[in-house]
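Close look at the chain arrangement
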Amino acid sequence: MKRILGIDVGGTKIASCFVEPENNFKVLESVTLSTEAQQGKGTVLDNIFDSIDRPLAAAQLTAADLSGIGIALPGIVDTTHRVVDIDHEADIECPNLPGWKNVPIRKILEERYQTAVYVENDAKAAAVAEASLGVGKDVQHLMYIGLGTGIGCGMILEGKLYRGFSGVAGELSHIICADQTPLYKIASGKALFDIFKIRGEDLQARCEAHDPVARKAFDHLIFHLGIGIGNVVTLFNPEAIVLGGGMMRMGDFLLTPLAAEVKKNAFSSSATRLKFLKAHFQQDAGAIGMAYLVWKHCHMLT
């Protein structure tokens, strides 16, 4: 099989990597660029092109040498047409990419590179990476939760990525809390800054320095995530929850109390043997997951 290029587009960075499927998806070349999301859709598209062109040039290859391109984006993906459907005006689906609504990203890339292109939501792609190649390789029922600026979630049920009827399954961030507020507005990195003026990357250090505001913010985060994730555990009864994203730089400082809070809130029979795992893949999770999805699709055709 030819090589595969996986891309993960985020609000601040675009990570792309060449992988060799025959060699356990070894990363051969990788590039990380700034998204420059605030510059508009055209600039973001140019940076996506650059994230493809640079590793191709470094490997002295052309798009003809690829089996395909997989691209993960932080928005609702139309599973029929692979269109990124982001309602920015409602500030719901993807405020990280202003102006992206009904962007035919698959068509744009296929016309430019003349190769097959596959598109998926970033959290779903990360779930695939962890379930297929990461810490969840032996898990049939898995939830990946990315805790960062927002809250991403992808679900693997009976060993398969679960997208739901229209591809929107797993939107944990939009679970409505008791006061009619979506979870992401009270328990994400952005929420911590909006409510407590604390950045997620500073939270642990400030808690360890006995900062009372930081401790209040941390307890607030654990309490609300514990309810939101606990409800999903009760509903889907996963075997493991894989935690990734920028906030997981805190490691066990975050994982241990969060696991306890989730188990306290979930139906006991659903949580008795529930495992909490730290994600193996970090910034390349979406790109690796997309490369795997491309490989799987090509493998099914042979």
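In case you missed it, the structure is sitting above this.
Right, let's walk through the structure included here. Since we're looking at a predicted model, the values are computed, not measured. Throughout this document, residue positions are counted from 1 along each chain, in the order its sequence is written. Under the rules for a predicted model, residues below a pLDDT of 70 receive no local features and side-chain atom pairs below 80 are neither given nor counted, while totals for whole chains, interfaces and linings still include all residues. Think of the side-chain values as coming from all heavy atoms in the structure, minus any hydrogens and water.

It is worth spelling out the packing of helix α4 (residues 189-196) against helix α6 (residues 212-236) at this point. Simply put, an axis is a line fit to the C-alpha atoms, just over the touching stretch for a helix, and the angle between two N-to-C directions goes from 0 to 180 degrees. A run of H or I in DSSP becomes a helix once it reaches four residues, and a run of E becomes a strand once it reaches two; helices and strands are each numbered from the N terminus. Relative orientation of the contacting elements α4 and α6 amounts to 135°, with a least axis distance of 11 Å. It follows that α4 is oblique to α6 by the angle criterion. Once α4 is placed against α6, the crossing between them reads as right-handed. Within the contact between the two elements, α4 uses Leu192, Ile195 and Phe196 and α6 uses Val213, Lys216, Ala217, His220 and Leu221. The classification used treats Ala, Val, Leu, Ile, Met, Phe, Trp, Tyr, Cys and Pro as nonpolar, Asp, Glu, Lys and Arg as charged, and all other residues, Gly among them, as polar. Here the contact of α4 with α6 is built from residues that sort into 6 nonpolar, 1 polar and 1 charged. We call two directions roughly parallel when the angle between them is under 35 degrees, roughly antiparallel when it is over 145, roughly perpendicular when it lies between 65 and 115, and oblique otherwise. In this scheme, a crossing is called left-handed if the near helix is turned counterclockwise away from the far one by less than a right angle; it is called right-handed if the turn is clockwise. Should any heavy atoms of two residues lie within 4.5 Å, those residues are counted as being in contact.

Whether two strands pair depends on DSSP finding at least two bridges between them. The 5 strands are arranged β10-β9-β8-β11-β12 in an open sheet whose pairing can be described as mixed. The outermost strands of the open sheet, each flanked by one partner alone, are β10 (160-162) and β12 (275-278). On average, each strand axis in the sheet is inclined to that of its neighbour by 25°, with strand direction left out of account. The sheet contact formed by strand β8 (residues 142-147) and strand β9 (residues 151-157) spans 6 bridges and is antiparallel. Paired with Tyr144 across the strands is Gly154, a residue of β9. Across the face of the sheet, helix α7 (residues 252-265) comes into contact with β8, β11 (240-244) and β12 while running at roughly 160° to β12.

Okay, the environment of Gln204 next. Within the element layout of this structure, Gln204 appears in helix α5 (residues 203-208). Through-space distance from the C-alpha of Gln204 to that of Ala217 is 10 Å; in sequence the pair is 13 residues apart. In contact with Gln204, other than residues within four places in its own chain, are Arg249, Met250 and Phe253.

With that out of the way, let us pick up helix α1 (residues 41-58). In a regular helix each residue adds 1.5 Å, so 18 residues correspond to 26 Å; α1 covers 26 Å between its end C-alpha atoms and thus fits that length. Three labels apply to residues, based on accessible area from a 1.4 Å probe with only protein chains included: buried if under 20% of the type maximum, exposed if over 50%, partly exposed otherwise in between. Val44, Leu45, Asn47, Ile48, Phe49, Ser51, Ile52, Pro55 and Leu56 are the residues of α1 that are buried. Residues of α1 that are buried sit in contact with β1 (3-9), β2 (13-20), β3 (26-34), β4 (66-73) and α2 (105-113). Immediately downstream of α1, the backbone of Gln60 shows phi near 55°, a positive value. In this analysis, the expected span of each helix is defined as 1.5 Å times one less than the number of residues it contains.

Another aspect to go through is the nonpolar core. A general trend in soluble globular proteins is that nonpolar side chains are found buried together. Buried Ala, Val, Leu, Ile, Met, Phe, Trp, Tyr and Cys residues form a nonpolar core when they are joined through side-chain atoms within 4.5 Å. Ranked by size, the top nonpolar core spans 41 residues in total, and within it Ile145 and Leu203 carry the most contacts. Ranked by residues supplied to this core, first place goes to α6 with 9 residues. Non-local contacts of Ile145, meaning those with residues more than four positions away in its chain, are made with Ile151, Gly152, Cys153, Leu172, Ile229, Ile241, Val242, Leu243 and Gly244. Formed by 31 residues, the second largest nonpolar core is a distinct cluster that contains Ile156, Val242, Val294 and Cys298.

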